[in-house]
Amino acid sequence: MKELLHQIQELENISEALEPSEQQRKDYHKLILQFSNEFINTIHDRNSFLEVKEPIKGLEITGQENSLEHILNLYNTKVTPNGINPASGGHIGYIPGGGIYASAIGDYIADVSNEYAGVYFGSPGAVTIENEVLDWLKDIFGFPKNAMGNLTSGGSIANLIALTSARDKHKIKGDKINKSVIYLSPQTHHCIDKALRIIGLEDIQLRYLELDEFHRVKINDLTQKIKDDQQNGLHPFLVIASAGTTDTGAVDPLQEIGNIAQENNMWFHVDGAYGGFFILCENKKHLFQGIEMADSLVIDPHKGLFLPYGTGAVLIKDKEAVLHSHHYTANYMQDTVGTDLSMSPAEVSPELTKHFRGLRLWLPLQLHGIKPFIACLDEKILLTDYFRKKLVEMGFEIGPTPDLSVSYFWYPSQKIAQDTYNEKLMKLIHEDGRIFLSSSTIDDRFVIRMAILSFRTKKKTIDKALQMIQDCKNKLEKELSLIHS
Ligand SMILES: *Cc1c(COP(=O)(O)O)cnc(C)c1O
């Protein structure tokens, strides 16, 4: 007994390091505040992109203790300067992220209190916060209060949950799989294909729809393809619309697609991971008419509400369909039985234990109110317009008027092949790094893409981007004239 107590005491002494004293916590905070203040105060001056070609070394786990100064120093030299700076307003490639400070406060509180947001029984308060957030989302998108919902790690998992529910509602399994048909835009995000393979629908029939000049799906093509498939004895079961495609920001005609889905008894899924929150903008609202008809909807607060990475959301109307694959009971969970299933996030998700991610959305909404979020979205729309107008003044050609805040441009070079010119220009822009833009191939043309969605992207950011593009273009023209002279 004495030996046992001795051993316990010894282990307690060592493991106490995991509970720093108040003074230690204060010292940590000082360093962390210093780090975050420096990071934020200098963010507009630093480059948005640095291409790294060598593997990053020095981050190995040694098992030994280190000072927080040392660790922050590693972070400051190995992590933040390399690759894209996603917290920077200068990230206007791919789909930019956010990183509002209030979410960091929410995460901090969630982590310190470590509330268990998986099951209502465990933390009715935390789960209620998550469900209030979901109710708020249902309100925005015209979903009924009794719809199911979940805060996920991102849009990919949100799409996975929605498609699983669609599959289960229509009992797509066995022989039915290769006779069932999904209709979607060729611009649909690749996480949908990934999800279909994960949920065993690899052999399902996919019909890619024709697009109009604004990259939205053509309704007649949808009706025609459904009709053809029905005549051929196939089973049209799901139509996927995008409320803001990743490549061009196009919003498909949701109302019309919703009507067709209803007429044909099909599941109507809308992926609004990038664009969904633009419904909050008074002069974009009309584009989202019909979104309330969706059986399932995905939105990504870590895109359109400027949260740090790690929060997507899914809303689904059919409760039974959701529970079929996601509800689970186990003996060790028997204490939780009896609470309303729809109240627990674990019943709507592959996850059981999870980060209390509701707080990083709930807290900023409570702290700031909704107004600054909407103003920020409106601002992105206007900045996109400004960027495009300026590019035209500089002699660039631009894609069609975008529905939202993603667009593209290219230089109509007469000297060398257009694609080659723009590829070279893209390379110089990446080498420059002041502002990060990405490229795409649209209608068989190499184009430079801009996606304006970071809350830190301001007019001065766009001016910096224009200056950078001009500088890179001058550099390229100089190189070309040397070659050709
Ligand atoms: C970003 C995006 C996704 C994937 O979401 P993640 O949060 O990256 O997992 C899905 N669909 C669209 C339209 C997107 O823009």
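Look up: the structure comes first, before these words.
Now for a description of the structure that goes with this document. Each chain carries its own residue numbering, running from 1 in the direction its sequence is written. The model is predicted, so local features are restricted to residues of pLDDT at least 70 and side-chain atom pairs to those at 80 or more, both for listing and for counting; the totals for chains, interfaces and linings are taken over all residues. Only hydrogens and water are removed before side-chain values are computed, so all heavy atoms of the structure are retained for them.

## As for the packing of helix 6 (residues 155-169) against helix 11 (residues 319-326)
Using the following cut-off: To get an axis, a line is fitted to the C-alpha atoms, and for a helix only the part in contact is used. The angle between two axes follows their N-to-C directions and goes from 0 to 180 degrees. Going along the chain from the N terminus, every DSSP run of H or I of four or more residues is numbered as a helix, and every run of E of two or more is numbered as a strand. Angular relationships are summarised with four words: roughly parallel below 35 degrees, roughly antiparallel beyond 145, roughly perpendicular across 65 to 115, and oblique for the angles in between. The contact rule is simple, with two residues in contact once any of their heavy atoms fall within 4.5 Å. Nonpolar residues are Ala, Val, Leu, Ile, Met, Phe, Trp, Tyr, Cys and Pro. Charged residues are Asp, Glu, Lys and Arg, and all others, Gly as well, are polar.
Direction vectors running N to C along helix 6 and helix 11 enclose 105°, while the axes themselves pass 8 Å from each other. Considered as vectors, helix 6 and helix 11 are oriented roughly perpendicular to each other. Taking contact as the criterion, the partners of Ile161, Thr164, Ser165, Arg167, Asp168 and Lys169 in helix 6 are, on helix 11, Ala321, Val322, His324, Ser325 and His326. Classifying every residue of the contact of helix 6 with helix 11 gives 3 nonpolar, 5 polar and 3 charged.

## Considerations on a negative patch on the surface
We apply this condition: The patches described consist of residues with a relative accessible area above 30% and no salt bridge, like charges being joined within 9 Å and nonpolar side chains (Val, Leu, Ile, Met, Phe, Trp, Tyr) within 5 Å. To be clear on the numbers: accessible area is Shrake-Rupley with a 1.4 Å probe, and residue cover counts the displayed protein chains and nothing else. When a carboxyl oxygen of Asp or Glu is within 4 Å of a side-chain nitrogen of Lys or Arg, the pair counts as a salt bridge. Lys and Arg are tallied as positive, Asp and Glu as negative. Neither His nor the chain termini are counted. By convention, the charge on Lys lies at NZ, on Arg at CZ, on Asp at CG and on Glu at CD. Only protein chains enter the accessibility calculation, which uses a 1.4 Å probe; a residue whose area is less than 20% of its type maximum is buried, one above 50% is exposed, and one in between is partly exposed.
A surface patch of like charges, here negative, comprises Asp419, Glu423, Asp443 and Asp444. Structurally, Asp444 is set in the loop between strand 12 (438-442) and strand 13 (445-451). Take Asp444: its relative accessible area is 73%, and that puts it in the exposed class.

## Re the site of the ligand
Threshold: Nearness of a residue to a molecule or strand requires only that one of the residue's heavy atoms be within 4 Å of it. Pairs of N or O atoms are called polar contacts if they sit within 3.5 Å, as long as, within protein, a hydrogen donor faces a hydrogen acceptor (for residues adjacent in sequence, only side-chain-to-side-chain pairs).
In the vicinity of the ligand lie 14 residues, with Gly155, Ser156, Asp271, Asp300 and Lys303 positioned nearest. Note that a nitrogen atom of the ligand is positioned 2.6 Å from one of the side-chain N or O atoms of Asp271. The separation between an oxygen atom of the ligand and a polar side-chain atom of Asp300 is 2.6 Å. For the ligand, the accessible surface in isolation is 380 Å², of which the surrounding protein chains cover 85%.

## Concerning empty space enclosed by the protein
The cut-off we apply is this: Residues are said to line a cavity or pocket when one of their atoms sits within 4 Å of a point; the points come from a 1 Å grid over protein atoms alone, cavities being sets where a 1.4 Å probe fits but cannot get out and pockets being open sets with protein on both sides within 12 Å along at least five of seven lines. Grid points are joined across faces, edges and corners, and a volume is the space filled by probe spheres set on the points.
Under the counting rule described, the total for this entry stands at 1 cavity of 30 Å³ or more. Of the voids in this model, the largest cavity is the one considered here, and its volume is about 70 Å³. The wall of the largest cavity is formed by Phe214, His215, Thr248, Ala250, Pro400, Thr401, Pro402, Asp403, Val406, Ser407 and Tyr408. Of the residues contributing to the lining of the largest cavity, the split by class is 6 nonpolar, 4 polar and 1 charged.

## Focus: the sheet that holds strand 3 (residues 148-152)
In plain terms, the rule: Each pair of strands is called paired provided DSSP finds at least two bridges between the two strands.
Here 7 strands make up an open sheet; going across it, the order is 3-9-8-7-6-4-5 and the pairing mixed. Two strands lie at the open edges of the sheet, namely strand 3 and strand 5 (205-208), each paired on one side alone. Pairs of neighbouring strands in the sheet enclose a mean axial angle of 15°, with direction left out of account. Along the sheet, helix 7 (residues 190-198) makes contact with strand 4 (180-184), strand 5, strand 6 (235-242) and strand 7 (267-272), crossing strand 5 at roughly 170°. Packing of helix 8 (residues 219-231) onto the sheet brings it into contact with strand 4, strand 5 and strand 6, and relative to strand 4 it is tilted by some 170°.

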